[in-house]
Structures are given as C-alpha cells and as structure tokens.
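Working through the structure, step by step
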There are 2 protein chains.
Amino acid sequence: MISNKMKTLLVGSSAIRAMFEEGKRLAAIYGEENVCDFSLGNPNLPPPESVKKAIIDVLDEDEPTLVHGYMNNSGYEDVRAKVAESINKRFGTSFAEKNIVMSVGAAGGLNVILKTLINPGDEIITFAPFFGEYRNYASNFDAQLIVVPASIPDFQLNLEEFEARITPKTKAVIINNPNNPTGVVYPVETIIGLAEILRKKQKELGNDIYIISDEPYRELVYGDVEVPYITKYYDNTIVGYSFSKSLSLPGERIGYLVIPDEAADSEDLIGAANVATRILGYVSAPSLIQRAVAKCLDEKADINFYDKNRQMLYNGLTEAGLECIYPDGAFYLWVKSPLESEFEFVNMAKEHQLLIVPGTSFGCPGYVRLVYCVSPKTIETALPKFKALMEELKKH
Amino acid sequence: MISNKMKTLLVGSSAIRAMFEEGKRLAAIYGEENVCDFSLGNPNLPPPESVKKAIIDVLDEDEPTLVHGYMNNSGYEDVRAKVAESINKRFGTSFAEKNIVMSVGAAGGLNVILKTLINPGDEIITFAPFFGEYRNYASNFDAQLIVVPASIPDFQLNLEEFEARITPKTKAVIINNPNNPTGVVYPVETIIGLAEILRKKQKELGNDIYIISDEPYRELVYGDVEVPYITKYYDNTIVGYSFSKSLSLPGERIGYLVIPDEAADSEDLIGAANVATRILGYVSAPSLIQRAVAKCLDEKADINFYDKNRQMLYNGLTEAGLECIYPDGAFYLWVKSPLESEFEFVNMAKEHQLLIVPGTSFGCPGYVRLVYCVSPKTIETALPKFKALMEELKKH
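Looking at an unreviewed UniProt entry, chain A carries the name Pyridoxal phosphate-dependent aminotransferase, with the source organism given as Anoxybacterium hadale.

At the junction of the two partners, chain A supplies 71 residues and chain B supplies 71 residues. When chain A packs against chain B, the two sides together hide about 5,600 Å² of surface, and 59% of this comes from carbon and sulfur. On the chain A side of the contact with chain B, A:Met1, A:His68 and A:Tyr70 bury the most area, a combined 14% of that side's loss. Taken together, the links from chain A to chain B amount to 4 salt bridges. A salt bridge links B:Glu133 to A:Arg278; its shortest N-O distance comes to 2.9 Å. Every element with two or more residues in the side of chain A that touches chain B is listed here: α1 (4-30), α2 (49-61), α3 (64-67), α5 (105-117), α6 (133-140), α10 (266-279) and α11 (287-293) of chain A. Per-element accounting of the side of chain A that touches chain B gives the leading share, 8 residues, to α10(A). Split into classes, the residues belonging to the side of chain A that touches chain B amount to 36 nonpolar, 21 polar and 14 charged.

With that settled, the discussion passes to the side chain of A:Arg218. Residues and elements named next belong to chain A. Tracing the backbone through its elements, the reader meets Arg218 in the loop between β6 (210-214) and β7 (237-242). A polar side-chain atom of Arg218 sits 3.0 Å from the main-chain carbonyl oxygen of Val227. Residues within four places of Arg218 in sequence aside, it is in contact with Phe91, Pro178, Val227, Pro228, Tyr229 and Tyr241.

Turning our attention to the relation of the copies chain A and chain B. In the superposition of chain A on chain B (RMSD 0.0 Å, axial shift 0.0 Å), the rotation amounts to 180°. Both copies of the chain, as the preceding transformation shows, are related through a two-fold rotation axis. Same-surface contact between copies: 100% of interface residues of chain A are shared with the interface of chain B.

Before going further, it helps to examine the sheet that holds strand β10 (residues 332-336) of chain B. Residues and elements named next belong to chain B. Across the sheet, 4 strands lie side by side as β9-β10-β13-β12; this open sheet has antiparallel pairing. Of all strands in the sheet, those with a lone pairing partner are β9 (324-325) and β12 (357-358), marking the two edges. With 2 bridges connecting them, β9 and β10 associate as antiparallel partners. If you follow Ile325 over to β10, its bridge partner there is Trp334.

Below, the discussion takes up the nonpolar core. By size, the foremost hydrophobic cluster in this structure holds 110 residues, and its most contacted members are A:Ile124, A:Phe162, A:Ile175, A:Leu194, A:Leu198 and B:Ile124. If we skip the residues at most four places from it in the chain, A:Leu194 touches A:Phe127, A:Leu157, A:Leu159, A:Phe162, A:Ile175 and A:Ile211. Counting residues in hydrophobic clusters, the runner-up holds 68 residues, among them B:Ile87, B:Phe91, B:Ile254 and B:Val258.

We now examine the environment of A:Ser244. All names here are of chain A. Tracing the backbone through its elements, the reader meets Ser244 in helix α9 (residues 243-246). In this structure Ser244 comes out as buried when scored by relative accessible area, which is 2%. Along the primary structure Ser244 and Leu389 are separated by 145 residues, whereas in three dimensions their C-alpha atoms are 33 Å apart. Polar contacts involving the side chain of Ser244 include one to the side chain of Ser242, which spans 2.8 Å.

Two quantities define a packed helix pair, namely the angle between the helix axes and the distance between the axes. Residues and elements named next belong to chain A. The contact between helix α12 (residues 303-319) and helix α14 (residues 376-395) brings their axes to 9 Å, and the two run at 5°. One finds that α12 runs roughly parallel with respect to α14. Taken together, the residues of α14 that come into contact with α12 (itself represented by Phe305, Asn309, Met312, Leu313, Gly316, Leu317 and Glu319) are Pro376, Ile379, Glu380, Leu383, Phe386 and Lys387. Here the residues of the contact of α12 with α14 are counted per class, giving 8 nonpolar, 2 polar and 3 charged.

Below, the discussion takes up the sheet that holds strand β9 (residues 324-325) of chain A. The strands making up a sheet associate through backbone hydrogen bonding, with each pair oriented either parallel or antiparallel. Residue and element names in this part refer to chain A. On the basis of which strands lie adjacent, the open sheet formed by 4 strands has the order β9-β10-β13-β12 and antiparallel pairing. Of all the strands in the sheet, just β9 and β12 (357-358) have a single pairing partner and so form its edges. Here strand β10 (residues 332-336) pairs with strand β13 (residues 367-371) via 5 bridges, running antiparallel. Following the sheet pairing, Tyr332 is matched in β13 by Val371.

Compared with the 18 Å implied by 1.5 Å per residue over 13 residues, the 18 Å span of α2(A) between its first and last C-alpha is a close match. Turning to α2(A), its buried residues number three or more, namely A:Val51, A:Ala54, A:Ile55, A:Ile56, A:Asp57, A:Val58 and A:Leu59. Elements that come into contact with the buried residues of α2(A) comprise α3 and α11 of chain A together with α2 (49-61) and α11 (287-293) of chain B.

It is worth spelling out the pattern of salt bridges at this point. All names here are of chain A. Evaluation of the coordinates by the stated rule reveals 38 salt bridges over all chains. Here Lys5 and Asp142 are joined by a salt bridge, their closest N and O atoms 3.0 Å apart. On the criterion of sequence distance, the pair formed by Lys5 in helix α1 and Asp142 in the loop between α6 and β4 (144-148) is long-range, its members being 137 residues apart. A relative accessible area of 34% places Lys5 in the partly exposed class. We classify Asp142 as partly exposed; its relative accessible area is 34%.

The subject of this paragraph is the domain arrangement of chain A. When the parts of a complex come together, some accessible area is lost, and that lost area is often used as the size of the interface. Residue and element names in this part refer to chain A. Taken domain by domain, chain A holds domain 1 (4-47 + 301-395) and domain 2 (49-293). Taking the mean C-alpha position of each, domain 1 and domain 2 sit 27 Å from one another. If you look at the interface, domain 1 gives 29 residues, while domain 2 gives 36 residues. Contact between domain 1 and domain 2 buries roughly 2,400 Å² in total, counting both sides, with carbon and sulfur atoms accounting for 62%. Run the count over domain 1 and domain 2 and you get 1 salt bridge. Counting every contact that joins domain 1 to domain 2 gives 12 residue pairs in polar contact (both at pLDDT 80 or more). Of all the secondary-structure elements, those providing two or more residues to the side of domain 1 that touches domain 2 are α1, α12, β10 and β13. No other element matches the 4 residues that α12 contributes to the side of domain 1 that touches domain 2. Considered class by class, the residues forming the side of domain 1 that touches domain 2 number 19 nonpolar, 5 polar and 5 charged.

Quick look at the pairing of strand β13 (residues 367-371) of chain B now. All names here are of chain B. By the criterion of burial, β13 is predominantly enclosed, with 5 of the 5 residues buried. Of the two faces of β13, the one holding Tyr367, Arg369 and Val371 and the one holding Val368 and Leu370 are both buried throughout. Here β12 pairs with β13 via 2 bridges, running antiparallel. Opposite Val357, over in β13, you have Arg369 as the bridge partner.

Now for the packing of aromatic side chains. Residues and elements named next belong to chain A. Within this structure, the stated rule accounts for 39 aromatic pairs over all chains. Aromatic pair Tyr217 and Phe331: ring centres 5.7 Å apart, planes at 80°, arrangement edge-to-face. In this pair, Tyr217 sits in the loop between β6 and β7 while Phe331 sits in the loop between β9 and β10, placing the two residues 114 residues apart along the sequence. Phe331 shares its class with Tyr217; the two are buried.

Definitions and limits used
- Residues numbered from 1 in each chain as written.
- Chains lettered and ligands numbered in written order.
- Predicted model: local features only at pLDDT ≥ 70, side-chain atom pairs only at ≥ 80, totals over all residues.
- Heavy atoms only, no water.
- Contact = heavy atoms within 4.5 Å.
- Buried area = accessible area lost by both parts, 1.4 Å probe.
- Salt bridge = Lys/Arg side-chain N within 4 Å of Asp/Glu carboxyl O.
- Helix = DSSP H or I, 4+ residues; strand = E, 2+ residues; numbered from the N terminus.
- Nonpolar A, V, L, I, M, F, W, Y, C, P; charged D, E, K, R; others polar.
- Polar contact = N/O pair within 3.5 Å; in protein donor to acceptor, adjacent residues only side chain to side chain.
- Least-squares fit on C-alpha atoms with pLDDT ≥ 70 in both.
- Pairing = 2+ DSSP bridges.
- Core = buried A, V, L, I, M, F, W, Y, C linked by side-chain atoms within 4.5 Å.
- Buried < 20%, exposed > 50% of the residue type's maximum accessible area, 1.4 Å probe, protein only.
- Axes fitted to C-alpha atoms, helices over the stretch in contact; angles between N-to-C directions.
- Parallel < 35°, antiparallel > 145°, perpendicular 65-115°, else oblique.
- Expected span 1.5 Å × (residues − 1).
- Domains from an automatic or database assignment.
- Phe/Tyr/Trp six-rings, centres within 6.5 Å; stacked < 30°, edge-to-face > 60°.

Spelled out as structure tokens, the structure:
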C-alpha cells in the first residue's frame, strides 16, 4: 500500500541497509576494530569548541520565546544579515539579509529551490559522478535528471558534452564544488567556461537556466586551493550551503540558500523559496542552532585532521597499486576499480573487511568511493588489508 | 520563471504578508501596544525550565560527534525507544522503538507519511474547518484534498457526509485532534464511529484507508477532557505529533510519527517513512533537540496560562455579543462572524486594531479564528475594542 515511487526507492534502500547489515555481520566475526568502514560520510570529528559555547550563550542571552519560537520561514533576520555579511567579507560579494534563506541543511535547501523552480517534465543537468540523492530530489518534483558523462581521468566538468545536453526544457544545472564523490574542485576557468556556455544557450533558447551550486564542502579544501564563488561569474546562480561539514554538525540540519538580486526574477524566487520552505513541511530551519551558527561563521572544523587522513589514505592506496584521484577538497577518495566490474571489487574488499561504495551509486561505474572522515586508526588498519587485496588480485 | 504551482502559492502568501504589513502599518499609527494581533499561533510562553537544562545536560554528557552527528534517518534508537515507552505508559499502547519515526515537527511528519502513501490522483479526506496547510501538503504529492463540510454548530465530525465522500481513490483521512481552528476535541464515541465507517468501507472497496491523526495540540486540553489515542480504535492509524506546543518549541522543528505494527503493510510503511525522511531533504529530525526532548517527555508548557486566556477571551467575546465555540483544547477561539461575509467583519475589526483570520482560510466561510497564545495584556486591551466593534455593528 505504499506509493509506487516509494516501492522503487525502498528496493534501493534495502541495498544500503544490506551493506550496513553486512558490516555488522563482519564486525561480529572479525571484531569491530578489524572492520574498516569507508562507506558513510559522517564526520569523525567534533565541532569546534566555540559551537557548544555559542549554543549556551544563546540560551543564556536571548529570550526563550525568541530562541525556540517561530520566526520568518526564511530564518531570523539578524542571522541572515550576519550570514550575508560573512559571505561578502570572504568573497567580495554584496548580499543582503533578503538574499539568504536559512534551510534544513543543504538537502533542505536543494529541495526548496527545486520546488521553487521546477515544473513536471523540466530537465536538470548534472555531471557524473554525482551525489546520488540528486536523482531523488529531481524525482520529488517530477523533473528529469540529465547526466553528463564523467570526464576521465581528470573528473573535471565535461563542458562539450554538457552543451550538447542543453534543451528548451533545461531549467537548472546542479554542480557540487568540491565534488562528492571525487574530491575534485572545479577551478575558476572551468566555472567561467560553464557560464559562457549557459549565457549563450540562454540567449539562443530565450530561457533562464539556473546554476544550483551545492557547496557543503566549500570550507574543506587543502593547501591553497580556492573554490570560486559562482554568483560572481554567472547571474542566475543559487548557492546551497550547509554547516554539516564546516562545523561538523550534520545531525543539526542547518544551512542556507543564497539567491542573488542578479538572478532572473529574483524577487519571485526569494518569495517562493520562503513559501516552499513552509509548505514542504520544513517551516523553517531549526531555531536554536540557527542563532548558534550565526556566532560561529568564522570558525571551522579542524581541517588538518582530514588533511592527514587524506595524505595517508591516498599514499597508502597508491603504493598498494590503486589508481586514485588526488582530492583537493571534501573528504572522499575516488579510486579506479582494478576489476572491470567495481561490484566484484567491492565484494572482494568486503572479504578483507573493507567497506567501500561502488561508483554506480554516483552514476559512474568502474570506480569506488572511500570516505576519509574516519579515525586515523581505521586507515592504519585498512592499508595492509588493501595491500593484501591487491596481492590477491594479482594472483587471479 | 518560478514553477506554476509556486506562482499560485505566492499569490496566497502575498495575502498573508499583506495582513502582516497591515499590522505593522496599524502599529505605526496607533502604537504597537494598541494593536491586538490574534492571527499567529506562535506560543507566547517559554518552554519549561527543564528544556534548557536538558539541552545543556546533553551537551555536557554525550559525545559531541553523537550529539551533532548523523544518525538513522528515523532518529536515534534510544530517543525513539523512550518516546515509545512514554506513549505506552500514558495510553496503554505497546509501541516499540521501530514504530517511532522522529520528524521535523508535525509538518515534516505529515509530509513524510504522505510521500510514503500517496500516488498522484489519490484522494485525502479532511473535515472543515481544517488547518489550511493540508491543502498544500496534499498538493505536494498531487493528491486531491476532499473536504467534508463543517458540522454546524458543534463542529464535531460530520460522519454521514464523510461516508458519502469515500471512493475507491480514498487513501487517507486527516483529522486534527484537538482541532485547529475550532479548539474542539473529538471524543472517543466519535472516533469509534469514524473507525466503524472506515472498516466497513475498507471491506467494501478492498482497499486500505489510513487515518492520519495530526496531534500537535494533544497536551493542550483543559479540565478533564481526554483526547482518544486513535491507534487503539483503528488499526490503520498513523499519528503525527509535535513538541512545538507541548514544550513551546515551534522553531526547533521536532516531532514524531507513530506507525503501529497493526497498520496494513506496517513494515513497508516504516521502511518507506525512513527513506522519505531522507529524500524529502529532512535527512533526519535535528539531533541535539531530539536528545533534549527525550529527557522532557513528562513535561509540558504551563497550560494554566492558556486556560486563563481561554476563559478571559471566551467570556469577553460572548459578553460582547459574539457567538463562540467553547474550546476544549488547543489555543484557538472559533467565532461566528456577525456579518455574512467574514471578510467584511475582519476588515471592520482591523479598523479597531484587531487582527483576526477569516474562516475561509480553513475551508469554512462565515467564521473567524482568534489565537489566545498571546499575552493576557493583549486580550485585556482587545476586549473593549471588540465591544466597540459590536456597538458599531448594531448601528448599521
């Protein structure tokens, strides 16, 4: 009696659950400390100390009816003003309070902006490999997700193939920068190229096409890598942001959308995003944590922790003979499957108590994804297992 | 360029905003203290002191990566077990952890269960007057909302008219007990009557029809009034609950669904609600507040505050000559418009700096709704204004 859409989704979800159960089964046999789970992007890192202090300060300083009460569906005005100011300071933009819509994480924000924009049958383009939930979010609004094939081996944006897929039905393009699952960052030249194609196509088709830039990993970049702020290069850009990774708060469901004045019909977009936040049942982003993150806009989780993991995992797997994409951002390592079928490789890895995710989940077969937001101990334990796995493969 | 659905919704939202702006305009002319806003259900009451203590205890006692991290999409297992235990203790039910799905408020819960159940074109029945958002929630999933006309003057459920509206397309019935906007509570006999009709019709049609019981006001009842726990009377019942009013936490977006084992296909429902929570972009209910409310399940906001307001407003308006439904629950007063068009009455009230909501917003013209979760001062200021308004009406 569940809906037809959910029937299909439940099958997919059973596969994930099966993997989870498999992990538990392996832990029971080999001991939990010997099972290396690289499948789930749950930061193994506490939030900065300032977050706890900020929460307590909000509770001590502000009126409880303000802290826990309804506010504008788009969020507290003072919080939104502070967020705008912080973005402006960092990226040289000029957003105001009204351009910010606080959201239930980046996932909530993406659903709000899709509800705002999409008519059934519209097309949304994204680039393989991509965060698998985009497919579900598109389906929530009966849009078709059009996937641009991966650009192998650099996993940058394949702009030629992209241009070929723009049609009169194209309403939006989702990009994820830094990218999950590859850890690749798209540099400013790539963004400029993307913007040029879109401006040309908009003119040709007489339509607006929006870039939706999904940026939960914006703060997680290593060395001197920069993540371009796309609103500066293309007017019809909506940014979706989350504090899940930057402040290690994935359970708190807190993020925001940026809707610039420069975007076509921006006033309607801003108004509709407000209404969509309400009617999708979010009503608003959670209140206490909204006020708390506004006090921590200059903070971020200890990126060195991830950086060390990144080096250790990348070096270890490369030494073991695996071909890995060097990640400039996020906390994912994207690895070429040494077997044609990455499912076979994933299953063999399981025999070595290594849990990794097949690339097909991200629209890109032949690869696997590992997360490195795990404890360093997990990586240390895993490296000899990967070596043994690669030895075994050589024998075949 | 916003979607067609949103275009329509934006018009409706502009009407609400217009009223809000009108309130600000009146405040500028007459002084804020002289404008009596009875339009918004934002509790003017702090949460119990124990909530603040619970939040700080969670921050002090639990690991930060647990408190702020991802958990099962349905919520923390220990929180769900405590919620189940608390319901069982109070209502003599026998739910387990797996029957509870933590949600982003009641609004989030309703959207999750509709995503779980509804195919496009399905019918959802509700009873006028009803919480206006039901229309939007149904539309989110392309269901048709079928409205049973109000039972005047008692505003109980019109079961005869209800039965006549059940068709092979009927998938669910939403009831709101205690009711927003009337404050009426449906007693056990009414629920038994409703259940009998549904069982008969299920058999006749060979379909399952689910009651979705929306219960954000469950704890807000006065005197010895009891709100029946519907799962005890009808197997295919899903309960949606919120801590927004019971603990005065509407901004925190925290509630839960109850999906009993006795419901048809309950295992699929539970699994699909978990997936729906994820793909609708909620991902989970917010984490810290989940853990905090689990420590406050026996607490509730000071109901005496609302009770005093209720008496004062009901007595005052009745004395002024208005016909009011005596509310047994929630914090709304439902008043018959003394003019045929309640819009005219609402506009006249505005001239007296009284902001009230037309019944048409709840599918029931000829009535108006007032909230009494306001400060007692607002009611004191308002009563002479209502008297003056009624005097003016007599002169016409």
